[in-house]
Amino acid sequence: MNQDRKTIIAGNWKMHLNVHQSSLLLHRLHENIRVHRDIEVVLAPSMLSLQPLSLELDHRKFKLASQDAYFKDEGGYTGEVSFAMLGEMVQYGIIGHSARRIYFGETLEMVRDKVQAAVRCGIAPIICVGETKQERDAGETKQVLHDQITTALQNLTSRDIEGIVVAYEPVWAISTFDGVIARPDDVEKSIAFIRMQIRELYGQKASERVRVLYGGSVNEHDVRGYLEIPGVDGALVGAASLNYHQFAAIVDAAYQLRLKA
Ligand code: PGA
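Report follows, based on the coordinates. None of these values were measured; they are calculated from a predicted model.

Parameters at a glance
Residues numbered from 1 in each chain as written. Predicted model: local features only at pLDDT ≥ 70, side-chain atom pairs only at ≥ 80, totals over all residues. Heavy atoms only, no water. Helix = DSSP H or I, 4+ residues; strand = E, 2+ residues; numbered from the N terminus. Buried < 20%, exposed > 50% of the residue type's maximum accessible area, 1.4 Å probe, protein only. Contact = heavy atoms within 4.5 Å. Salt bridge = Lys/Arg side-chain N within 4 Å of Asp/Glu carboxyl O.

## Brief notes about the environment of V180
Okay, step 1: When you line up the elements, V180 lands in the loop between β6 (165-168) and α9 (184-209).
Okay, step 2: Taking the relative accessible area as the measure of exposure, V180 reaches 41% and is therefore partly exposed.
Okay, step 3: Sequence-wise, V180 and R34 are 146 residues apart; in three dimensions their C-alpha atoms are separated by 31 Å.
Okay, step 4: In this view, V180 contacts W172 and A173; residues no more than four positions away in its chain are not counted.

Here it is in structure tokens:
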């Protein structure tokens, strides 16, 4: 973990919790999580809960992220919400989550367009990348990461790049897919590869400034092991973020680690 970059602990609530339940969880998180200067806690509730939560939350404690949004700013795109519409509500936008790529057919180019839209609207993208089990078994991990990174980061300036976050989430490790626990040394290789790709595209400084998260079945017991991997700046947490005890314990583990370092 790089001490110059703030650690991010982000909770992806996926399609769980209605507005009332989201608000209750937020309340519990307020009670159980302290403000830590070096740690950003980001909550990604459903689109429906973003606005009520943005009015309720203590902005010193939590930031908000959308789980997705459309890349056009406005128009006849029935059913969609744009980053432009979310601009005042969220600081981050998750883009290209494997659920979007796999269930909703999101292509590399769509992810790229969404990244550009987020940047244009002043929202920091959390770009999810990662290989499926099949791709991993076929020895294609690096190729997949290369394609996902180079496409997602097209047409950005090195300044833009410094504000983005990349989340390495091997699909096979995500609880909603296979949920296999990834070994930290496997994760380390992919994280190093991601930073190398960014260095080749945008130079050393950008590759050092970008924050890279790990995601995939992270819980309060194993988060420390992932946060200790060189080049990892935080975690994207799904299932465990729906339980306030677990999520608070994850934030606390990140805090303890910063204290120690
Ligand atoms: P998980 O989800 O922690 O439940 O595996 C992570 C994610 O999908 O972002």
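## Things to note about the pattern of salt bridges
Okay, step 1: Under the criterion given, the structure shown has 21 salt bridges.
Okay, step 2: One salt bridge in this structure joins K114 and D68, with 2.7 Å as the shortest N-O distance. You can see K114 sitting in helix α5 (residues 108-120) and its partner D68 sitting in the loop between β3 (62-66) and α3 (83-86), a full 46 residues away along the chain.
Okay, step 3: Residue K114 is classed as buried on the basis of its relative accessible area, which comes to 2%.
Okay, step 4: Residue D185 is joined to R183 by a salt bridge in which the shortest nitrogen-to-oxygen separation is 2.9 Å.
Okay, step 5: Linked by salt bridges that have partners in common, D68, R100, E106 and K114 make up one network.

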